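# Residue-level structure breakdown
These are the residues of each chain, in order.
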2 protein chains.
Amino acid sequence: MELIAEVLKITAGGRRIAILCEETARSLGVHSSDRICITYCEQQVIAIANLATHFPKNRIGLYEEISETLGLKTDEIVDVHLAHLPESLRNVRAKLRGERLREHDMVTIVKDVVERHLSEVEIAAFLTALNIYGLNMGENEALSRAMVETGDTLDFGEAPILDKHSIGGIPGDKTSLLVVPIVAAAGFTIPKTSSRAVTSPAGTADRFETLCPVDLSISEIKAVVDKTNGCLVWGGALDLAPADDLFIQIEYPLGIDPLLLPSIMSKKKAIGATHVAIDIPTGNGAKIKNMTEAYALASDFVDLGLRLNLKIQCALSFGEQPIGYAVGPALEAQEALKTLMGAGPADLKEKAVGLAGMLFEMVGVEGGRKKAEHILESGRAEKKLREIIEAQGGDPHIKPDEIPVGTKKAEMTANQAGRVLWMSTENIVNIAKAAGAPRAKGAGVMVKAKLGEAVKKDTVLIEIFAERSNKLETALELAKKLQPIVLSKKPEDQMLLDRVPKKVASEKPFILER
Amino acid sequence: MELIAEVLKITAGGRRIAILCEETARSLGVHSSDRICITYCEQQVIAIANLATHFPKNRIGLYEEISETLGLKTDEIVDVHLAHLPESLRNVRAKLRGERLREHDMVTIVKDVVERHLSEVEIAAFLTALNIYGLNMGENEALSRAMVETGDTLDFGEAPILDKHSIGGIPGDKTSLLVVPIVAAAGFTIPKTSSRAVTSPAGTADRFETLCPVDLSISEIKAVVDKTNGCLVWGGALDLAPADDLFIQIEYPLGIDPLLLPSIMSKKKAIGATHVAIDIPTGNGAKIKNMTEAYALASDFVDLGLRLNLKIQCALSFGEQPIGYAVGPALEAQEALKTLMGAGPADLKEKAVGLAGMLFEMVGVEGGRKKAEHILESGRAEKKLREIIEAQGGDPHIKPDEIPVGTKKAEMTANQAGRVLWMSTENIVNIAKAAGAPRAKGAGVMVKAKLGEAVKKDTVLIEIFAERSNKLETALELAKKLQPIVLSKKPEDQMLLDRVPKKVASEKPFILER
């Protein structure tokens, strides 16, 4: 059926959508969400039909995505007919019925996600079904491969290419800022891409951005890695496994994360990694709550690595409190730099050295942990980080105190003497965010007492940094309400941890950032 | 944060969406799909944030839905901040985790569906989770009530108000065109709303539209029912249980139908029905494949009726072939009118009399079936239908042959002699649609032999009607390929029904129309 094109001078956010009035749609036998085939000058485009009540008859509204592909102007004539149900959508429907999908089926879906042939409604249903039914290893493998194939890949030449990844969830985890220079200083290639915070007070990209630019192109990354063996860049704007970014956009409002395994593995595969250390913080305050869960996830990572020809080792790490003391982009960058310079918190040092040592041993270096320790303590890791900072366009001579942090400060003190019995990482996250992190790079929280430490009455428990006074006040008020650090003279003196529903609980954050 | 409004001169299809550039969103702490609160002149609107790459900084794009609500013009200043996660979305997320929802939880969701506070992604995830987990009776009841409460309701005065509903799926099921006048002729009120075809060749509204207008307003419906006791109108444009229409839009591309029970029951409740006969066609060619499934569904309908104070009886009806011979809007209207005039197929008469009789007995009339038969055979039902046709604005004196049917005709004949062993209702649907139904009201199929009938070689098996020659050819070709009617001399002579994958199968239609 011939229709008159009406070029809409806006985009549909990458989606391929065409508008029809209800009467014209009925003439075509088209219902809302059906696919239509639009032909103009022997070119064809498949679009999803949206029906509008007030759209003129016998016309078809085309967003820029389609009009530009076809090179079409308003009032030109196009041929339109109902298209078949795409194969990808049949596979989505099979998954909704609980069927197992094979590699080819997954490829059709991921391809049509990337090429925008599946609607958000269809992707949402697919992800929900995956979240409820779970994925078997074959499906995880097929999805990982399909996600790599539909994006760019990087090649840093000869193996091994090392990488480190944390599944996240613990505030203050600035370990990558130490692991990357330790590994690179030993002469190994470690091209690290990181995420920005979505729901946390700081992602690795946010932290490192207080030291130098992190928004590099693929050719810039190659130049940095060629020069220094390593990099610390934001992965978000690169086209590595782009399906994942589209999946995350849908998962975010739903608070689900069914693709943890293929999402991480496809990004690692796309960057050309051969050996990856995966950190699984485990504990009440982390994504993974206990060792049983952690072992199960770790073994899935290792299995999937075997299938994808990626050597994986997982570290199950202590996840009951922040790593180090600092939470917030600039505060954490300061702390990481100080630690590289020899004056940081023991737990951060220990974690970084442990993970770097694991990577060394994965590529055959004996006594990896010792080697990592030596590189850190000799100052070679600091030197290497400064090289990377310079190569990425920052000031290599920067001192920790020159990283600007919030000038508005407040403290919360202990109401009693005692030992730190437990702390809520979730509440610390909320306080840091209330202070303005991650947007205000200088905002955040310094935790002044860690688990098991003895404190006196009126000792400072947390220090809040903000860039604006009203943010500081809100954060302090929240801290006083939430009391994220719980003290007890002796553990046996305070067996009741909380009362429900008497105490005001903060909203549980959903963590989805890679 | 203050932003400059940019009024977009288009609607977002009823959705409440605001556009921000990524940088402005970051300043607000807003991610794509987050809710934002927009304040202007002390009025507040909650919208869902969509992020755009090329949108100007410090501006907010507002579709007409929002700009009109706020009475806002481009370049005016609005205050914008991140809003809380709506309660409905928390309940959706609980359902994604498999939790049972209570009445209040369902109400929050349905309200926010109707008021467009939940996005299509969120509704799709909710419906997918319901489809996988299933609904318990409490959830069915809560959803039904919530769907009634969020729409208009009708009141036809004193009880009983009778109604009849088929869950659909069988082509040629024009039974309502007989049941309504039989029941109305007996003096009972039966305000019947029907759907148009979505994936079938004809809905009741499509059939009756060949006799008179069906697109009536609520006050017009009341006038028709006041005058005649009954009506046969299209329910789609009325605001009865509007959530259902929004749910169906999302379910359609996904091919899922988790809300069959609350969807039907809410529409019946909204129209004020007190006694409802529900037809469950059962058989290979129907939605419900066997008696076990049919009994389970029927008992759910009855249970849900008890909870909603609606008297329900279900009829499990034979669903292995079309009802009567005609398939297609005008052909079916002809057949229904002929049957009312005394000359129709036995199975259609039997089904209509059975259902009407069931309704009579539900309201205490003894020998309901006999009474229904008498009303049909005495011509009172025909007279009543003509009254309804006149009241709805049609010609009450219309003769069956005056209903225009397609002038292009073709026949498919038997390749051999034999008895009709089985027939594919699905393929008959596809042939009728290929001929142009439901859009071409005169198009369709006349089935010339029913199950068990003996036919000779070259006997006509089906006759195809179309309004255009090319449609006729396509339909005939399809009929020859699909061979929807299978003949055998004796059943034991042809034990192989089909070969896979040798024979070309037609695509399985997904039926979702109420």
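Residues numbered from 1 in each chain as written. Chains lettered and ligands numbered in written order. Predicted model: local features only at pLDDT ≥ 70, side-chain atom pairs only at ≥ 80, totals over all residues. Heavy atoms only, no water.

### Section: the interface of chain B and chain A
- Facing the 35 residues of chain B at the interface are 35 residues of chain A.
- Both faces combined, the contact of chain B with chain A buries some 3000 Å², and carbon together with sulfur accounts for 60% of it.
- Where chain B touches chain A, the interface holds 0 salt bridges.
- Inspection of the region where chain B meets chain A yields 10 residue pairs in polar contact (both at pLDDT 80 or more).
- Put simply, the parts of the chain that give the side of chain B that touches chain A at least two residues each are α1 (22-28), α3 (87-96), α5 (120-133) and α10 (242-254) of chain B.
- Take the side of chain B that touches chain A: its biggest share by element is 10 residues, from α5(B).
- Here the side of chain B that touches chain A is built from residues that sort into 18 nonpolar, 8 polar and 9 charged. (Contact = heavy atoms within 4.5 Å. Buried area = accessible area lost by both parts, 1.4 Å probe. Salt bridge = Lys/Arg side-chain N within 4 Å of Asp/Glu carboxyl O. Polar contact = N/O pair within 3.5 Å; in protein donor to acceptor, adjacent residues only side chain to side chain. Helix = DSSP H or I, 4+ residues; strand = E, 2+ residues; numbered from the N terminus. Nonpolar A, V, L, I, M, F, W, Y, C, P; charged D, E, K, R; others polar.)

### Notes on the relation of the copies chain B and chain A
- The transformation that overlays chain B on chain A combines an axial shift of 0.1 Å with a rotation of 180 degrees, and the residual RMSD is 0.1 Å. Viewed as a symmetry operation, the transformation between the two copies matches a two-fold axis.
- The fraction of interface residues of chain B whose copies in chain A are also interface residues reaches 97%, indicating that both copies meet through the same surface. (Least-squares fit on C-alpha atoms with pLDDT ≥ 70 in both.)

### Re the pattern of salt bridges
- Applying the stated criterion across every chain, the model contains 57 salt bridges over all chains.
- Among the salt bridges present, the one from B:Glu373 reaches B:Arg369, with a minimum N-O distance of 3.4 Å. Here B:Glu373 pairs with B:Arg369, and both are found in helix α15 (residues 368-377), just 4 residues apart, close to one helical turn.
- Counted as one network, the salt bridges with shared partners bring together A:Arg196, A:Asp206, A:Glu209 and A:Lys441.

### Section: the confidence of the model for chain A
- Averaged over chain A, the pLDDT score is 91; the fraction of residues at 70 or greater is 95%.
- Here the predicted complex carries an ipTM of 0.84, next to a pTM of 0.87. (pLDDT = per-residue confidence, 0-100.)

### Considerations on the nonpolar core
- Membership of the largest hydrophobic core comes to 64 residues, with the highest contact counts inside it found for A:Phe126, A:Phe247, B:Phe126 and B:Phe247.
- In this structure, B:Phe126 is in contact with B:Val92, B:Lys95, B:Leu96, B:Leu101, B:Met106, B:Ile109 and B:Phe247, ignoring residues within four places of it in sequence.
- Residues A:Val214, A:Leu348, A:Leu359 and A:Ala372 belong to the second largest nonpolar core, which totals 47 residues. (Core = buried A, V, L, I, M, F, W, Y, C linked by side-chain atoms within 4.5 Å. Buried < 20%, exposed > 50% of the residue type's maximum accessible area, 1.4 Å probe, protein only.)

### Here's the deal with helix α9 (residues 218-228) of chain A
All names here are of chain A.
- Every buried residue of α9 is listed here: Ile221, Val224, Val225 and Thr228. Buried residues of α9, seen end-on, are gathered within an arc of 95 degrees and therefore sit on one face of the element. Among the exposed residues of α9, those pointing more than 90 degrees away from its buried face are Ser219, Asp226 and Lys227.
- In this fold, the buried residues of α9 make contact with α7 (176-185), β8 (190-194), β9 (230-234) and α16 (380-391).
- Backbone geometry just downstream of α9 places Asn229 in the positive-phi region, at approximately 80 degrees. (Arc of directions from axis to C-beta.)

### Focus on the sheet that holds strand β18 (residues 485-488) of chain A
Residues and elements named next belong to chain A.
- Taken in spatial order, the 3 strands line up as β16-β14-β18 in an open sheet, and their pairing is antiparallel. Edge strands, defined here as strands with exactly one partner in the open sheet, are β16 (454-455) and β18.
- Both strand β14 (residues 418-423) and β16 contribute to a ladder of 2 bridges, which runs antiparallel. If you follow Gly418 over to β16, its bridge partner there is Val455. (Pairing = 2+ DSSP bridges.)

### Looking at the side chain of B:Glu332
Residue and element names in this part refer to chain B.
- Mapped onto the secondary structure, Glu332 falls in helix α13 (residues 329-340).
- Judged by its relative accessible area of 1%, Glu332 is buried.
- Those residues in contact with Glu332 that sit more than four places away from it in its chain are Gly172, Asp173, Lys174, Ala202, Arg207, Ala326 and Val327.

### Points about the environment of B:Thr175
- As for its position among the elements, B:Thr175 is in the loop between β7 (162-166) and α7 (176-185).
- Sequence-wise, B:Thr175 and B:Ile48 are 127 residues apart; in three dimensions their C-alpha atoms are separated by 45 Å.

### Regarding the side chain of A:Arg93
- On the secondary structure map, A:Arg93 appears in helix α3 (residues 87-96).
- Given a relative accessible area of 16%, A:Arg93 falls into the buried group.

### Digging into the packing of α3(A) against α10(B)
- Two elements in contact, α3(A) and α10(B), have axes whose closest approach is 9 Å; the angle formed by their N-to-C orientations is 105 degrees. Judged by the angle between their axes, α3(A) and α10(B) are roughly perpendicular. For the pair formed by α3(A) and α10(B), the contact residues are A:Leu89, A:Arg93 and A:Leu96 on the first element and B:Tyr252, B:Pro253 and B:Leu254 on the second.
- Among the residues forming the contact of α3(A) with α10(B), the class breakdown is 5 nonpolar, no polar and 1 charged. (Axes fitted to C-alpha atoms, helices over the stretch in contact; angles between N-to-C directions. Parallel < 35°, antiparallel > 145°, perpendicular 65-115°, else oblique.)

### Here's the deal with the sheet that holds strand β13 (residues 408-413) of chain B
All names here are of chain B.
- The strand order β12-β15-β17-β13 describes an open sheet built from 4 strands, whose pairing is antiparallel. Of all the strands in the sheet, the pair left with one neighbour each is β12 (326-327) and β13.
- Across 6 bridges, β13 lies against strand β17 (residues 460-466) in antiparallel orientation. Residue Met412 lies in a different strand from β17, and its bridge partner there is Ile462.
- Against the sheet, helix α17 (residues 425-434) touches β12, β15 (444-447) and β17, its axis set at about 135 degrees to β15.

### Comments concerning the pairing of β8(A)
All names here are of chain A.
- Within β8, 5 of the 5 residues are buried, leaving the element largely enclosed by the surrounding structure.
- Of the two faces of β8, both are covered, the one formed by Ile190, Lys192 and Ser194 as well as the one formed by Pro191 and Thr193.
- As defined by bridge partners, β8 adjoins β9 across 5 bridges and the pair is classed as parallel. Directly across from Ile190, in β9, lies its bridge partner Gly230.

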